[in-house]
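Secondary and tertiary structure notes
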Amino acid sequence: MSSSGKVALVTGATSGIGRATAILLAERGAHVLVTGRDVERGNAVVERIRAAGGTADFLHAELGDADSARALVEEALGLAGRIDILVNNAAIAVFGPTAAIAESDFDACYAVNVKVPFFLVGAVAPAMAERGYGVIVNVSTMVAGFGSRGSAVYASSKAALELLTKSWAAEFGPHGVRVNAVAPGPTVTEGTTAHYGSERLEALAAQAPARRVAHPTEIAETIAFLVSDGASFIHGAILPADGGRTAV
Ligand SMILES: NC(=O)c1ccc[n+]([C@@H]2O[C@H](COP(=O)([O-])OP(=O)(O)OC[C@H]3O[C@@H](n4cnc5c(N)ncnc54)[C@H](OP(=O)(O)O)[C@@H]3O)[C@@H](O)[C@H]2O)c1
């Protein structure tokens, strides 16, 4: 499971699943580029990694369009020289009845969840392909795989990310770049606690065989597996980490 000597860029690493992933990849030897909007929480993640003997840097980024994605990659390359691992984790959730969704919320959701990963991969994957090595993991959601009331915008944005995952596996896989996705179920994070509430999250989780919410480290472990050489023959997969919700 070692990521020793690899450079990993993790978006949305100031919180929840992204932070747990950054910490785990650093424990496994990667130099982690922690990125997000909140400077204080970003620096705290970096300090935690360094205190445990790992290496990390914080890159502040407000992601929302192609330019912001390209600027982040440029900054990352200036600092670390290359990117071996990209985790497209940053996302925003927009929930509500279709007729009540504001156009600006629809656009923001698709910008952060679809457009930004698209242009990050466009800026990162060709150099990985040239070197013949790279790993990309996209963070989707279990609700990308089935219809659920109130999730149309968020779920469809992640369904787009899942097809992008397969498209990129076809495009970059022949050049040594593995592209996969993880589809988490309900997970306790700052995001879900603030916008969803623990009661609703637990009620959602109760429908799955595991009958509980996930801890972010459980999703991070799944991402770290997909990053690792243990997953060397896995290309274009959407791996559920949802307590079995989509299996039953
Ligand atoms: N938690 C769940 O139950 C669950 C379930 C299924 C899928 N997921 C997926 O898992 C991923 C992480 O979820 P989470 O619950 O850990 O999220 P979270 O706690 O809400 O954290 C979101 C992260 O994304 C960053 N971010 C959001 N918008 C950004 C923007 N415009 N520019 C740059 N960074 C931005 C945030 O940065 P700042 O905080 O610095 O602003 C933060 O680091 C997401 O892709 C989500 O869709 C989560």
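Keep in mind the model is a prediction, meaning the values are calculated, not measured.

Evaluation of the coordinates by the stated rule reveals 5 aromatic pairs. Ring plane angle 65° and centroid distance 5.4 Å describe the contact between Phe95 and Tyr154, whose orientation is recorded as edge-to-face. Taken together, the residues span a long stretch of sequence, with Phe95 in the loop between strand S4 (85–88) and helix H4 (103–131) and Tyr154 in helix H5 (residues 152–172) at a distance of 59 residues. Looking at Tyr154, the relative accessible area reads 14%, which means it is buried. For Phe95, a relative accessible area of 37% gives the class partly exposed. Members of the aromatic cluster, each reached through a chain of ring pairs, are Phe95, Tyr154 and Tyr196. Directly above the ring of Tyr133 sits Lys6, whose terminal nitrogen or CZ lies 4.9 Å from the centroid. Positioned over the ring face of Tyr196 is Arg200, at 4.2 Å from the centre of the ring.

Around the ligand, 31 residues are found, and the nearest of them are Thr14, Ser15, Arg37, Tyr154 and Thr189. Within the contact set of the ligand, an oxygen atom lies 2.7 Å away from a side-chain nitrogen or oxygen of Ser15. Note that a nitrogen atom of the ligand is positioned 2.8 Å from one of the backbone N or O atoms of Leu63. For the ligand, whose accessible area on its own is 900 Å², the fraction buried by protein is 91%. Structurally, the ligand is housed in the largest pocket. Those elements that provide at least two residues to the shell around the ligand are helix H1 (16–27), H5 and helix H6 (190–195). Looking at which element gives the most residues to the shell around the ligand, the answer is H6, with 3 residues. Across the shell around the ligand, the residue classes tally to 12 nonpolar, 13 polar and 6 charged.

A pair of packed helices can be characterised by two numbers: the angle between their axes and the separation between those axes. Where H1 contacts helix H2 (residues 39–51), the axes come no closer than 10 Å and their chain directions differ by 25°. Of the possible angle classes, the one that applies to H1 and H2 is roughly parallel. For H1 against H2, the interelement crossing comes out right-handed. Where H1 abuts H2, its residues Arg19, Ala22, Ile23 and Ala26 lie against Val45, Arg48 and Ile49. Its residues assigned to classes, the contact of H1 with H2 comprises 5 nonpolar, no polar and 2 charged.

Let us look at helix H8 (residues 216–227). In this model, H8 (12 residues) spans 16 Å end to end at C-alpha, consistent with the 16 Å of a helix rising 1.5 Å per residue. Along H8, the positions that sit buried rather than exposed are Pro216, Ile219, Ala220, Thr222, Ile223, Ala224, Leu226 and Val227. Contacts from the buried residues of H8 go to H1, S4, strand S5 (134–139), strand S6 (177–184) and strand S7 (238–241).

We now examine the environment of Arg28. Position of Arg28 relative to the elements: it lies in the loop between H1 and strand S2 (31–36). Ignoring any residue separated from it by four or fewer positions in sequence, one finds Arg28 in contact with Met1, Ser2, Ser3, Ser4, Glu221 and Ala224.

Between helix H3 (residues 66–80) and H4, the shortest axis-to-axis distance is 8 Å and the interhelical angle comes to 40°. As far as their axial angle goes, H4 and H3 are oblique. Crossing angle aside, the handedness with which H3 passes H4 is right-handed. Residues Ala66, Ala69, Arg70, Leu72 and Val73 of H3 form the contact with H4, whose own contacting residues are Lys115, Val116, Phe119, Leu120, Ala123 and Val124. A breakdown of the residues in the contact of H3 with H4 according to their chemical character gives 9 nonpolar, no polar and 2 charged.

Turning next to the layout of surface pockets. Rolled over the atoms, a probe sized like a water molecule indicates the empty space that remains. When its volume is computed, the largest pocket comes out at roughly 1400 Å³. In terms of lining residues, the largest pocket is bounded by 48 residues, among which Ala91, Ile92, Ala93, Gly191 and Thr192 are the most central. If one sorts the elements of the lining of the largest pocket by residue count, H6 sits on top with 5 residues. Its boundaries defined by the atoms lining it, the second largest pocket holds a volume of some 170 Å³. Looking at the second largest pocket, the residues that line it are Gly16, Arg19, Ala20, Ile23, Leu24, Glu27, Arg48, His215, Pro216, Thr217, Ala220 and Glu221. Of all the secondary structure elements, the ones that give two or more residues to the lining of the second largest pocket are H1 and H8.

About the criteria used
- Residues numbered from 1 in each chain as written.
- Predicted model: local features only at pLDDT ≥ 70, side-chain atom pairs only at ≥ 80, totals over all residues.
- Heavy atoms only, no water.
- Phe/Tyr/Trp six-rings, centres within 6.5 Å; stacked < 30°, edge-to-face > 60°.
- Helix = DSSP H or I, 4+ residues; strand = E, 2+ residues; numbered from the N terminus.
- Buried < 20%, exposed > 50% of the residue type's maximum accessible area, 1.4 Å probe, protein only.
- Lys NZ or Arg CZ within 6 Å of the ring centre and 35° of its normal.
- Near = heavy atom within 4 Å.
- Polar contact = N/O pair within 3.5 Å; in protein donor to acceptor, adjacent residues only side chain to side chain.
- Areas by Shrake-Rupley, 256 points an atom, 1.4 Å probe, with all protein chains shown as cover.
- 1 Å grid on protein atoms, 1.4 Å probe; cavity = no way out; pocket = protein on both sides within 12 Å on 5 of 7 lines; lining within 4 Å.
- Sits in = over half its atoms within 2 Å of the grid points.
- Nonpolar A, V, L, I, M, F, W, Y, C, P; charged D, E, K, R; others polar.
- Axes fitted to C-alpha atoms, helices over the stretch in contact; angles between N-to-C directions.
- Parallel < 35°, antiparallel > 145°, perpendicular 65-115°, else oblique.
- Left-handed = near helix turned anticlockwise from the far one by under 90°.
- Contact = heavy atoms within 4.5 Å.
- Expected span 1.5 Å × (residues − 1).
- Points joined across faces, edges and corners; volume = space filled by probe spheres on them.

As far as function goes, none of this settles anything; it's purely spatial.
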